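In case you want the letters, here they are:
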Protein chains: 2
Amino acid sequence: MSKFFLGIDLGGTNIKIGCFDENLKLHAKSSAPTHAEMGPENVIDSIEQTTKELLNNNSFTLDDIVSVGIGSPGPASISEGIVISAPNLPEFQNVPLRKLVSQRLQKPVIFENDANAACWGEYVVGAGKGVKDMVFFTLGTGIGGGIISNGELVHGHKDNAAELGHMIIYPHGGRFCGCGQRGCVEAYASASSTARRATEAIQAGTPSSLKKVYKKNGEITCKDIFEHSANGDSFAREITNGTAEALGILCVNIIHITGPQRVVFAGGMIAAGKPLLDGIKKYFNHYIWPLKQESLEICFATLGEDAGIIGTAALALHNSQNE
Amino acid sequence: MSKFFLGIDLGGTNIKIGCFDENLKLHAKSSAPTHAEMGPENVIDSIEQTTKELLNNNSFTLDDIVSVGIGSPGPASISEGIVISAPNLPEFQNVPLRKLVSQRLQKPVIFENDANAACWGEYVVGAGKGVKDMVFFTLGTGIGGGIISNGELVHGHKDNAAELGHMIIYPHGGRFCGCGQRGCVEAYASASSTARRATEAIQAGTPSSLKKVYKKNGEITCKDIFEHSANGDSFAREITNGTAEALGILCVNIIHITGPQRVVFAGGMIAAGKPLLDGIKKYFNHYIWPLKQESLEICFATLGEDAGIIGTAALALHNSQNE
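None of these values were measured; they are calculated from a predicted model.

Conventions used here
- Residues numbered from 1 in each chain as written.
- Chains lettered and ligands numbered in written order.
- Predicted model: local features only at pLDDT ≥ 70, side-chain atom pairs only at ≥ 80, totals over all residues.
- Heavy atoms only, no water.
- Core = buried A, V, L, I, M, F, W, Y, C linked by side-chain atoms within 4.5 Å.
- Buried < 20%, exposed > 50% of the residue type's maximum accessible area, 1.4 Å probe, protein only.
- Contact = heavy atoms within 4.5 Å.
- Least-squares fit on C-alpha atoms with pLDDT ≥ 70 in both.
- pLDDT = per-residue confidence, 0-100.
- Pairing = 2+ DSSP bridges.
- Helix = DSSP H or I, 4+ residues; strand = E, 2+ residues; numbered from the N terminus.
- Axes fitted to C-alpha atoms, helices over the stretch in contact; angles between N-to-C directions.
- Buried area = accessible area lost by both parts, 1.4 Å probe.
- Salt bridge = Lys/Arg side-chain N within 4 Å of Asp/Glu carboxyl O.
- Polar contact = N/O pair within 3.5 Å; in protein donor to acceptor, adjacent residues only side chain to side chain.
- Right-handed = clockwise from strand over helix to strand, strands pointing away.

**Considerations on the nonpolar core**
Phase 1 of the analysis: Of all hydrophobic cores here, the largest spans 97 residues; its most connected members are Leu247 and Phe265 of chain A together with Leu247 and Phe265 of chain B.
Phase 2 of the analysis: Aside from chain neighbours lying at most four places away, what touches Leu247 of chain A is Leu139, Ile143, Val185, Ala189, Phe265, Leu276 and Ile280 of chain A.

Spelled out as structure tokens, the structure:
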């Protein structure tokens, strides 16, 4: 009899669920709106219902499922399976998500935070495949990530490791970060911060082809900036360079700390493509000492939006193999 | 029959050897000059001879010894037990130290780099006792260290993790570091860099009570600087603040990466005592986001110069238990 594993990616907007076999081949997937504002009980109902529909619609039963992985925004206690609080999941305060889902589905459930789950997905079948030491960065509203050391996720004390965007690289006079610190990488290089740096300068009158975009749309997006940079606007180029520089320094610092073989960037911003990747590599090579220049592979994630369901299913599979 | 473990700390100046029981209680220790300039074969002879004398003089035989741990300066391949090259061990190029020592002593040998070995010693019986996630910094000529994640040393790809002093915190206009990078923590906060920053300023005419020291001794040591700082010299205070600030930022960054419960500082500079420790804590609290302010324990190492022999013996013990 084949064995199947469910991966559940609980996000602020949608719940995504995938059904995978032992080779992590996707057999079926589905999604439903989270409606986090209606509270945890409602979300658990929705997870149960969506799972059962997914199985029914694809000729599976719960008996086919060995175990379940679920990823959620944090902060969370991984070891206890509890969502402590999550800006993207209002109403979730100390919710024992692992236990609740396990009771509903009557299956063993593995719990992980969303960034670590996506990191694990990329590690097992995506851009990190074949390495044992990897660091994963997500470039979105913030900069999060995960660390794999010798084939294991690094959780740290109280599961607070891998807040990678909050490494300080400009302590003196650096930009304020949403976290309360100053000079964090996230304050320069997240998609939101990249857009904010450009918007502030345009508002202050800096000449740029982005000025028209701002007048028309009332905002400037990260996508606009990379497009105008590619089209030769020197101010837009300066902003994208600032982003790539912060990420290049982040790579230098991380190689000196956990010593990864490969660094994988994910998240909406990687849609900027080769110019962003080349920029990060350029600044990495500029800042790193010569001996280590050749020793880090820097690349983009390959699993896209499925990283969460693949990663959580892969964690469920990994756990069942180690039992 | 009791079981004993040898810890060998191979340094640029001395070889130190200790004999420990299963509770890591020290029963005997000895040391001999390394004479690294005479080449690896001579050093191996010396290790063999010093070990045998130590055992003889203390009524042990090699039969009492289960296994041996040896720590050496790097860069090294930990997994292969090879010293690739080491500035402090001239003549050592790709020396298979683990194999050579194992052949001479006819015992299983565990190999580790010196900073990781000292880190492990502090973790098992020193300042890191009782935690599972710890980061260890040595403040000497350079800044090295080790990382314990979930009870295991982090080695990284090709064993190049934990070059902790080479985290860049002042990328723009920062001081040049011996490694070829710019703005590394080591360029500010190692004992040598602390002395160098002061010396340069005194040479340039900065007023300070350290000027007399420089005139008298032709140099300024880190010890002088901390003493004059304690005695109220404002320039010396500025220099020690710069050191503490860099180390405080290092602590902020490391808590966001591997999430340690405790950070342990070791090396000659910790002789500066409470003013240094208080300074590091002050800057950590200044730079860290408020939520994490209470979450990191910062302290000094407790094993002193024996950390190397304790750590290597503890690694030998650990390995024998895991076999």
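**Comments concerning the relation of the copies chain B and chain A**
Phase 1 of the analysis: For the match of chain B to chain A, the screw axis carries a shift of 0.0 Å, the RMSD comes to 0.0 Å, and the turn is 180 degrees. Here the transformation between the copies is reduced to the relation of a two-fold axis. Nearest to the rotation axis, the C-alpha of Ile169 of chain B is located 2.4 Å from it, this being the minimum over chain B.
Phase 2 of the analysis: Most of the interface of chain B is mirrored in chain A, where 100% of its interface residues are also at the interface.

**Thoughts on the confidence of the model for chain A**
Phase 1 of the analysis: Here chain A shows a mean pLDDT of 96. Residues at 70 or above account for 100%.
Phase 2 of the analysis: In the model output, the complex is listed with pTM 0.96 alongside ipTM 0.95.

**Digging into the sheet that holds strand S6 (residues 82–85) of chain B**
Residue and element names in this part refer to chain B.
Phase 1 of the analysis: Across the sheet, which stays open at both edges, the three strands sit in the order S5-S6-S7 with antiparallel pairing between neighbours. Strands with a single pairing partner mark the edges of an open sheet, and in this sheet they are strand S5 (76–77) and strand S7 (93–95).
Phase 2 of the analysis: By the bridge criterion, two bridges tie S5 to S6 in an arrangement that is antiparallel. Bridge pairing in S6 places Ala76 opposite Val83.

**Structural notes on the environment of Ala244 of chain B**
Residue and element names in this part refer to chain B.
Phase 1 of the analysis: Tracing the sequence through the fold places Ala244 in helix H8 (residues 234–257).
Phase 2 of the analysis: Taking relative accessible area as the criterion, Ala244 reaches 3% and is therefore assigned buried.
Phase 3 of the analysis: Expressed as a C-alpha distance, the spacing of Ala244 and Gly279, which sit 35 residues apart in the sequence, is 5.2 Å.
Phase 4 of the analysis: If we ignore the near neighbours within four places in the chain, the residues touching Ala244 are Gly279, Ile280 and Tyr283.

**A closer look at the pairing of strand S3 (residues 26–33) of chain A**
The two faces of a sheet get side chains in turn, since along a regular strand they alternate between them.
Residues and elements named next belong to chain A.
Phase 1 of the analysis: As defined by bridge partners, strand S2 (residues 14–21) adjoins S3 across seven bridges and the pair is classed as antiparallel. Its bridge partner lying in S3, Asn14 is registered against Pro33.
Phase 2 of the analysis: Linking S2 to S3, which pair antiparallel, is a turn of four residues; within it Leu24 sits at a positive phi near 60 degrees.

**Points about the sheet that holds strand S9 (residues 134–139) of chain B**
All names here are of chain B.
Phase 1 of the analysis: Strand order across the open sheet formed by five strands is S11-S10-S9-S12-S13, with mixed pairing between neighbours. The strands lining the two open edges of the sheet, one partner per strand, are strand S11 (152–153) and strand S13 (297–300).
Phase 2 of the analysis: Strand direction decides the pairing type here: strand S10 (residues 143–149) and S11, joined by two bridges, are antiparallel. Bridge assignment links Ile148 to a residue of S11, and that residue is Leu153.
Phase 3 of the analysis: Against the sheet, helix H3 (residues 114–125) touches S9, S10 and S11, its axis set at about 50 degrees to S10.
Phase 4 of the analysis: Across the sheet, helix H9 (residues 274–287) touches S9, strand S12 (262–266) and S13, and the angle it forms with S13 is around 160 degrees.

**What to know about the interface of chain B and chain A**
Phase 1 of the analysis: Of the residues lining the interface, 37 residues belong to chain B; the matching set on chain A comes to 37 residues.
Phase 2 of the analysis: At the boundary of chain B with chain A, total buried surface from both sides reaches about 3200 Å², with 59% on carbon and sulfur atoms.
Phase 3 of the analysis: Per-residue buried area on chain B facing chain A is highest for His157, Ile257 and Trp289 of chain B; these three make up 20% of the total on that side.
Phase 4 of the analysis: Between chain B and chain A we count zero salt bridges in total.
Phase 5 of the analysis: Inspection of the region where chain B meets chain A yields 19 residue pairs in polar contact (both at pLDDT 80 or more).
Phase 6 of the analysis: Where the side of chain B that touches chain A is concerned, the elements lending two or more residues are S10 and H8 of chain B.
Phase 7 of the analysis: Residue contributions to the side of chain B that touches chain A peak at eight residues, all from H8 of chain B.

**Some remarks on the pairing of S12 of chain B**
Residue and element names in this part refer to chain B.
Phase 1 of the analysis: Most of S12 sits inside the fold, with five of its five residues counted as buried.
Phase 2 of the analysis: Both faces of S12 are covered, namely the face carrying Arg262, Val264 and Ala266 and the face carrying Val263 and Phe265.
Phase 3 of the analysis: Each parallel crossover has a hand, and for S12 linked through H9 to S13 it is right-handed.

**Regarding unusual backbone geometry**
Phase 1 of the analysis: Here the residue pair Gly74 of chain A and Pro75 of chain A is connected by a cis peptide bond, since its omega of 0 degrees sits within 30 degrees of zero.
Phase 2 of the analysis: For Pro75 of chain A, the position within the fold is in the loop between strand S4 (65–72) and strand S5 (76–77).
Phase 3 of the analysis: With a phi close to 65 degrees, Ala162 of chain A is a non-glycine residue in the positive phi region.
Phase 4 of the analysis: On the secondary structure map, Ala162 of chain A appears in the loop between strand S11 (152–153) and helix H4 (186–189).
Phase 5 of the analysis: At Gln106 of chain B, a position not held by glycine, the phi torsion is positive, near 55 degrees.
Phase 6 of the analysis: Within the element layout of this structure, Gln106 of chain B appears in the loop between helix H2 (97–105) and strand S8 (109–113).

**Section: the environment of Ala115 of chain A**
Phase 1 of the analysis: Among the secondary structure elements, Ala115 of chain A is positioned in helix H3 (residues 114–125).
Phase 2 of the analysis: Put simply, Ala115 of chain A and Gly308 of chain A are 193 residues apart on the chain and 8.0 Å apart in space, counted from C-alpha to C-alpha.

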